[in-house]
Amino acid sequence: MEQHINASTLILTCGDITKETTDAIINAANNRLAGGGGVDGAIHRTGGPTIMKECRKIGGCPTGKAVITTGGNLKAKYVIHTVGPRYQEGTRNEAALLKSAYLESLKLASKKNLKSVAFPAISTGVYGYPLNEAANIALQTTIDYLKEHQDITLVKFVLYDQNSYNIFIEELKKIR
Ligand code: ADP
């Protein structure tokens, strides 16, 4: 599914983000940038050890912030590592932190003059964020950003399973 926002395109697709050819892919990392399971593990496995080497140099990333490394063996030139919140009943500022993770990633992409980025569904795996709420925050934050910034021309959401994909579509339709 595709939507145009001013000069930019927003695409929702189902698949494996490590195969993406956008300028950067976004990693749902942890505070220590230490690698892990889920999308983080897949990115480091496919991208090779250079990415982890750079992550170690950076040292860490607070929740809601983002840092950038090269893409190693990935097709994408860069990986933007952001840290979404662990969902704890919604009482720990999770919504603001998830919004910030998307926003800081987009701002970093703009700062590095990147034209296209691909996001996974941050925090919706091991971190347990309810999918509908997470999808709404992801899409609303991205759409608002693209309305104000013309420099990023393509944002893709690469959803790993059919259920996440369906929920993102549902939330995008609500926003429209
Ligand atoms: P978090 O700790 O932020 O919840 P996870 O990696 O556990 O991060 O999950 C985030 C989302 O990424 C989940 O929806 C999961 O299904 C998805 N995911 C896992 N592997 C991939 C992949 N290779 N490409 C895209 N999305 C993936």
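Heads up: these notes are all about the structure in this document.

### Here we look at unusual backbone geometry
Here is step 1: For N6, which is not glycine, the phi dihedral falls at a positive 50 degrees.
Here is step 2: Positive phi is not limited to glycine here, since N93 has a value of about 65 degrees.
Here is step 3: Within the secondary structure, N93 is located in the loop between β5 (78-82) and α3 (94-111).

### A short note on the environment of N31
Here is step 1: Take N31: it is sitting in the loop between β3 (24-28) and α1 (38-47).
Here is step 2: In this structure the C-alpha to C-alpha distance between N31 and T82, which are 51 residues apart in sequence, comes to 8.6 Å.
Here is step 3: Other than its neighbours up to four places away in sequence, N31 contacts G60, C61, P62, T63 and V83.
Here is step 4: One polar contact links N31 to T63, side chain to side chain, over a distance of 3.2 Å.

### Describing the sheet that holds strand β4 (residues 66-70)
Strands pair in a sheet through their backbones, by hydrogen bonds, and they do so in one of two ways: parallel or antiparallel.
Here is step 1: As summarised here, the arrangement of the 7 strands in space is β1-β2-β7-β6-β3-β5-β4, forming an open sheet in which the pairing is mixed. For this open sheet the edge positions go to β1 (2-5) and β4, each flanked by a neighbour on one side alone. Sheet twist, expressed as the average angle between the axes of neighbouring strands with direction ignored, equals 20 degrees.
Here is step 2: Of the pairings in the sheet, the one linking β3 to strand β6 (residues 116-119) comprises 2 bridges and is parallel in character. The residue bridging A24 from the neighbouring strand is V117, located in β6.
Here is step 3: Packing against the sheet, α1 makes contact with β3 and β5, and its axis sits at approximately 135 degrees to β3.
Here is step 4: Its contacts with the sheet put helix α2 (residues 49-58) on β4 and β5, and the angle it makes with β4 is roughly 140 degrees.

### Quick look at the packing of aromatic side chains
Here is step 1: Evaluated as defined, the whole model comprises 5 aromatic pairs.
Here is step 2: A centroid spacing of 5.6 Å and a plane angle of 20 degrees characterise the contact between F119 and F157, whose relative ring orientation is stacked. Within this pair, whereas F119 is found in strand β6, its partner F157 is found in strand β7 (residues 154-159), the two being separated by 38 residues in sequence. Residues F119 and F157 agree in their burial class; the two are buried.
Here is step 3: Seen from their ring centres, F157 and F168 are 5.5 Å apart, and the 40 degrees between their planes marks the pair as tilted. Of this pair, F157 sits in strand β7 while F168 sits in helix α5 (residues 162-175), and the two are 11 residues apart along the sequence.
Here is step 4: The exposure class assigned to F157 is buried, which follows from its relative accessible area of 0%.
Here is step 5: Grouping aromatic residues by their ring pairs yields a cluster made of Y102, F119, F157 and F168.

### Digging into the state of the cysteines
Here is step 1: As enumerated under the stated definition, the model contains 0 disulfides in all.
Here is step 2: Cysteine C55 is unpaired, with the sulfur of C61 as its nearest cysteine sulfur at 9.5 Å.
Here is step 3: The class of C55 is buried, set by a relative accessible area of 1%.
Here is step 4: Looking at C61, the relative accessible area reads 4%, which means it is buried.

Parameters and conventions
Residues numbered from 1 in each chain as written. Predicted model: local features only at pLDDT ≥ 70, side-chain atom pairs only at ≥ 80, totals over all residues. Heavy atoms only, no water. Helix = DSSP H or I, 4+ residues; strand = E, 2+ residues; numbered from the N terminus. Contact = heavy atoms within 4.5 Å. Polar contact = N/O pair within 3.5 Å; in protein donor to acceptor, adjacent residues only side chain to side chain. Pairing = 2+ DSSP bridges. Axes fitted to C-alpha atoms, helices over the stretch in contact; angles between N-to-C directions. Phe/Tyr/Trp six-rings, centres within 6.5 Å; stacked < 30°, edge-to-face > 60°. Buried < 20%, exposed > 50% of the residue type's maximum accessible area, 1.4 Å probe, protein only. Disulfide = S-S within 2.5 Å.

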